[in-house]
Amino acid sequence: MKLTMRLGARSYDIILKRGALKNLSALINLNRKVFIVTDSGVPAQYAETVRAQCKEGLVYTVPQGEGSKSLAVYQKLLEAMLEAGFGRGDAVVAVGGGVVGDLAGFVAATYMRGVDFINCPTTTLSQIDSSIGGKVAVDLGRTKNIVGAFWQPKLVVVDPDTLATLPRRHFVNGLAESVKMSLTSDAELFQMFETCDVDAELETIIRRSLLIKKSVVERDETEQGLRAILNFGHTLGHGIEAVKGIGGRRKTGLYHGECVALGMLPMIEDRQLQKRTRAVLRKLGLPCRASYNKEKVLSYMLHDKKARGGSITLVKVPGLGCWRLDKVPVSELETIVMGK
């Protein structure tokens, strides 16, 4: 299946097809220098599949985990491209999950003021969500995605076959983003999560999720308003992730999607829908509750880039398939986080 993201006079294709990674050279020009970024957690065969199709491919593997989304790693990638003589007509390819896509995309956005970026997501999370939309970034300290740019890919290739090597927890982690989008925008997709075999309907879930995000990004590429809908569950989720998430020196804890799942629940205002969402999360194997230092989570949220002048904007869901933005004072945020 092919979707086309249309952004004014620009456009790019999103290919959703099993086995598509093996045919990348038929979809876009690889007859040039290609800088292939992957991480140590991605099976090496995926990056090698891409490199074998390139006239001149260079694979750069970063350590697995959020810690690689740093200015230090970003600089090393830029230096490697410069040393290898990459020019403006060359390309960067991401082969991996959201960390690899964000990092490689930011490299592509800034090397020589921008080169072609091709995204080949290999995790559920990145195939459903982060691979499209053009938001690329690295972290600064413990603040996620604070240094970045909007840089749209030239092509996104979503090959569900690459999900076969994912550990089950990683696979389920990514589904949280699809549940998120179903709650705000697609009641039928939410009902699928309630009643269907998720593994059997995986391609449909990915397709419907991509269609939602595509529609939002086309109407609000640089997050001036509507695109804030995609932050549902993320403001609190990022706070939990900063305190409890796996990353850096913390080897145990919660993954991003698990934090988003926890972050969504307090933002659902309909009690019955909240109950249904808990049932979906349990069915998928996502957490409905977790213990964490609430004071630290609140402190992190108050330093969130969305916090302004003593208030913060939250995405709330009053009912299935609808949403609204609420600008709330810090006192209400304390009530949500602390349960006061």
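(A) The arrangement of the overall build of the protein chain in detail. Looking only at helices and strands, one finds 12 helices and 12 strands in the protein chain. In terms of overall size, the protein chain behaves like a compact globule, its C-alpha atoms giving a radius of gyration of 19 Å where 340 residues would be expected to give roughly 20 Å. Oriented by its inertia axes, the alpha-carbon framework of the protein chain measures out at about 60 × 40 × 40 Å. In the protein chain, which comprises 340 residues, the share counted as buried stands at 55%. Restricting the contact set of the protein chain to residue pairs at least 6 apart, pairs at least 24 apart contribute 70%. Accessible area for the protein chain stands at about 14500 Å²; split by element, carbon and sulfur atoms hold 49% of it.

(B) Representation of the pattern of salt bridges in the model. What the rule picks out here adds up to 22 salt bridges. The shortest N-O distance in the salt bridge between Glu 241 and Lys 144 comes to 3.8 Å. Of this pair, Glu 241 sits in helix 8 (residues 234–244) while Lys 144 sits in strand 8 (residues 143–150), and the two are 97 residues apart along the sequence. Accessibility expressed as a relative area gives 10% for Glu 241, which makes it buried. You can call Lys 144 buried: its relative accessible area is 11%. Because the salt bridges share partners, they merge into one network encompassing Glu 66, Lys 69, Asp 102, Asp 139, Lys 144 and Glu 241.

(C) Geometry of unusual backbone geometry. The phi dihedral of Met 112 is positive, around 50°, even though this residue is not glycine. Within the secondary structure layout, Met 112 lies in the loop between helix 3 (98–110) and strand 6 (116–121). Despite not being glycine, Asn 145 shows a phi value in the positive range, around 55°. On the basis of relative accessible area, Asn 145 is assigned to the partly exposed category, the value being 24%.

(D) Region of interest: the nonpolar core. Judged by nonpolar contacts, the single largest core of 63 residues is most densely connected at Ile 14, Leu 183, Phe 193, Ile 206, Phe 232, Met 264 and Leu 284. Those residues in contact with Ile 14, other than ones at most four positions away along the chain, are Met 1, Lys 2, Leu 3, Met 5, Ile 132, Val 156, Val 158 and Leu 210.

(E) Structural view of helix 8. Counting buried positions along helix 8 gives 10 out of 11 residues, so the element sits mostly inside the fold. Burial in helix 8 covers these residues: His 234, Thr 235, Leu 236, Gly 237, His 238, Gly 239, Ile 240, Glu 241, Ala 242 and Val 243. Tucked inside the fold, the buried residues of helix 8 contact strand 8, helix 5 (168–185), helix 9 (256–264), helix 11 (294–302), strand 11 (311–316) and helix 12 (330–338).

(F) Looking closely at the environment of Ile 206. Within the fold, Ile 206 resides in helix 7 (residues 202–219). Sequence separation of Ile 206 and Leu 16 is 190 residues, and the distance between their C-alpha atoms is 8.5 Å. For Ile 206, the contacting residues outside a window of four places in its chain are Leu 16, Gln 127, Ile 128, Val 158 and Leu 163.

(G) Looking closely at the packing of helix 8 against helix 9. Axis separation between helix 8 and helix 9 bottoms out at 7 Å; the angle between their running directions is 130°. One way to sum up the angle between helix 8 and helix 9 is to call them oblique. Crossing geometry of helix 8 relative to helix 9 is assigned as right-handed. Between helix 8 and helix 9, the contacting residues are His 234, Leu 236, Gly 237, His 238, Ile 240 and Glu 241 on the first element and His 256, Cys 259, Val 260, Leu 262 and Gly 263 on the second. Considering only residue class, the contact of helix 8 with helix 9 consists of 5 nonpolar, 5 polar and 1 charged.

(H) Expanded view of the sheet that holds strand 5 (residues 91–96). Read across the sheet, 7 strands follow the order 1-2-9-6-5-3-4 without closing on themselves; strand pairing throughout is mixed. Both edges of this open sheet fall to strand 1 (2–7) and strand 4 (56–62), since each of them pairs with a single strand only. Recorded for the sheet is a direction-independent mean angle of 15° between the axes of neighbouring strands. Examined bridge by bridge, strand 2 (residues 10–16) and strand 9 (residues 155–158) share 4 bridges and lie parallel to one another. The residue bridging Ile 15 from the neighbouring strand is Val 157, located in strand 9. Relative to the sheet, helix 2 (residues 71–83) contacts strand 3 (33–39), strand 4 and strand 5, its axis offset from that of strand 4 by approximately 160°.

(I) Region of the structure containing helix 10 (residues 271–284). Over its 14 residues, helix 10 extends 20 Å from the first C-alpha to the last, a length consistent with the 20 Å expected when each residue adds 1.5 Å. Listed as buried for helix 10 are Leu 273, Gln 274, Thr 277, Val 280, Leu 281 and Leu 284. In an axial view of helix 10, the angular spread of the buried residues amounts to 120°, which keeps them on one side of the axis. Facing away from the buried side of helix 10 by more than 90 degrees, the exposed set consists of Arg 271, Lys 275 and Arg 282. For helix 10, the elements touching its buried residues are helix 5, helix 6 (187–195) and helix 9. Capping of helix 10 at its N-terminal end is provided by Asp 270; its side-chain oxygen lies 3.1 Å from the backbone amide nitrogen of Gln 272. Gly 285 sits one or two residues past helix 10 and shows a positive phi near 95°.

Each value, and the rule that gives it
- Residues numbered from 1 in each chain as written.
- Predicted model: local features only at pLDDT ≥ 70, side-chain atom pairs only at ≥ 80, totals over all residues.
- Heavy atoms only, no water.
- Helix = DSSP H or I, 4+ residues; strand = E, 2+ residues; numbered from the N terminus.
- Rg over C-alpha atoms; globule rule 2.2 N^0.38 Å.
- Buried < 20%, exposed > 50% of the residue type's maximum accessible area, 1.4 Å probe, protein only.
- Contact = heavy atoms within 4.5 Å.
- Areas by Shrake-Rupley, 256 points an atom, 1.4 Å probe, with all protein chains shown as cover.
- Salt bridge = Lys/Arg side-chain N within 4 Å of Asp/Glu carboxyl O.
- Core = buried A, V, L, I, M, F, W, Y, C linked by side-chain atoms within 4.5 Å.
- Axes fitted to C-alpha atoms, helices over the stretch in contact; angles between N-to-C directions.
- Parallel < 35°, antiparallel > 145°, perpendicular 65-115°, else oblique.
- Left-handed = near helix turned anticlockwise from the far one by under 90°.
- Nonpolar A, V, L, I, M, F, W, Y, C, P; charged D, E, K, R; others polar.
- Pairing = 2+ DSSP bridges.
- Expected span 1.5 Å × (residues − 1).
- Arc of directions from axis to C-beta.
- Polar contact = N/O pair within 3.5 Å; in protein donor to acceptor, adjacent residues only side chain to side chain.

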